[in-house]
Amino acid sequence: MTLYYRDDTVRVTSETIHVNGRTVPVAEVSYVWHARGRGTARTRGRLAGRGVLIFLLSIPPLVVMVCVLSLAYSAQDRGEWQLAAIVLAVCVVGALALFPFLEVPLYWLDRSYERGAKVQELWVQYRGEEALLLRSSDALRFGQIYRAIQRAIEQHSGDR
């Protein structure tokens, strides 16, 4: 018996598929597919959170551009390029010092894409019936489970 995937609620082996207490023999599965399900409050919240995070991450570069342009414009009027260069150098050093702190919000943004913003459903046809095995908004986990089931079915078909 080969183990293809296992977590708290799902286990896919070369012989069976266990999902939330339901067991489906791989030998009886004739077809597997996925479909997009209806969104949930969690997926809508994740999508809204992603938008807010992108907005918040885009504000500092815009503020910097406005400040640099206004600094250059005022230096041109007064002819005080030395003061403008010093202020700009201090801002660049400050930005470089704060740059490592971008790691956390960028990680959150990356994680939001891994988790997905849509609900995916995993369906199988076995014993002549269609059955919904899994509904998940975690895109990474769903993909791993779907591929594990495909591998189990492919291996079982190849063994016949």
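Data block above holds the structure.
Residues numbered from 1 in each chain as written. Predicted model: local features only at pLDDT ≥ 70, side-chain atom pairs only at ≥ 80, totals over all residues. Heavy atoms only, no water.

Caption draft 1: Looking closely at the pattern of salt bridges. Taken as a whole and judged by the stated rule, the model has four salt bridges. Here Arg141 and Asp7 are joined by a salt bridge, their closest N and O atoms 2.6 Å apart. Of this pair, Arg141 sits in helix α4 (residues 139-159) while Asp7 sits in the loop between β1 (3-6) and β2 (10-13); the two residues are 134 residues apart in sequence, bridging distant segments of the chain. Accessibility expressed as a relative area gives 19% for Arg141, which makes it buried. (Salt bridge = Lys/Arg side-chain N within 4 Å of Asp/Glu carboxyl O. Helix = DSSP H or I, 4+ residues; strand = E, 2+ residues; numbered from the N terminus. Buried < 20%, exposed > 50% of the residue type's maximum accessible area, 1.4 Å probe, protein only.)

Caption draft 2: Spotlight on a nonpolar patch on the surface. A cluster of nonpolar side chains, Val52, Phe55, Leu56, Ile59 and Val63, forms an exposed patch at the surface whose accessible area comes to about 450 Å². Tracing the sequence through the fold places Ile59 in helix α1 (residues 41-78). (Patch = residues over 30% accessible without salt bridge, like charges linked within 9 Å, V, L, I, M, F, W, Y side chains within 5 Å. Areas by Shrake-Rupley, 256 points an atom, 1.4 Å probe, with all protein chains shown as cover.)

Caption draft 3: Main features of the sheet that holds strand β3 (residues 16-19). In spatial order, the strands read β1-β2-β3-β4; together these four strands make up an open sheet with antiparallel pairing. This sheet does not close on itself; its edge strands, each paired only once, are β1 and β4 (22-25). Here the strands of the sheet are splayed against their neighbours by 10° on average, with no regard to which way each runs. By the bridge criterion, three bridges tie β2 to β3 in an arrangement that is antiparallel. The partner of Val12 across the bridge, within β3, is Ile17. (Pairing = 2+ DSSP bridges. Axes fitted to C-alpha atoms, helices over the stretch in contact; angles between N-to-C directions.)

Caption draft 4: Highlighting the state of the cysteines. Using the criterion set out here, one finds zero disulfides in the structure. Lacking any disulfide linkage, Cys67 is separated from the closest cysteine sulfur, that of Cys91, by 7.2 Å. Given the relative accessible area of 44%, Cys67 is considered partly exposed. (Disulfide = S-S within 2.5 Å.)

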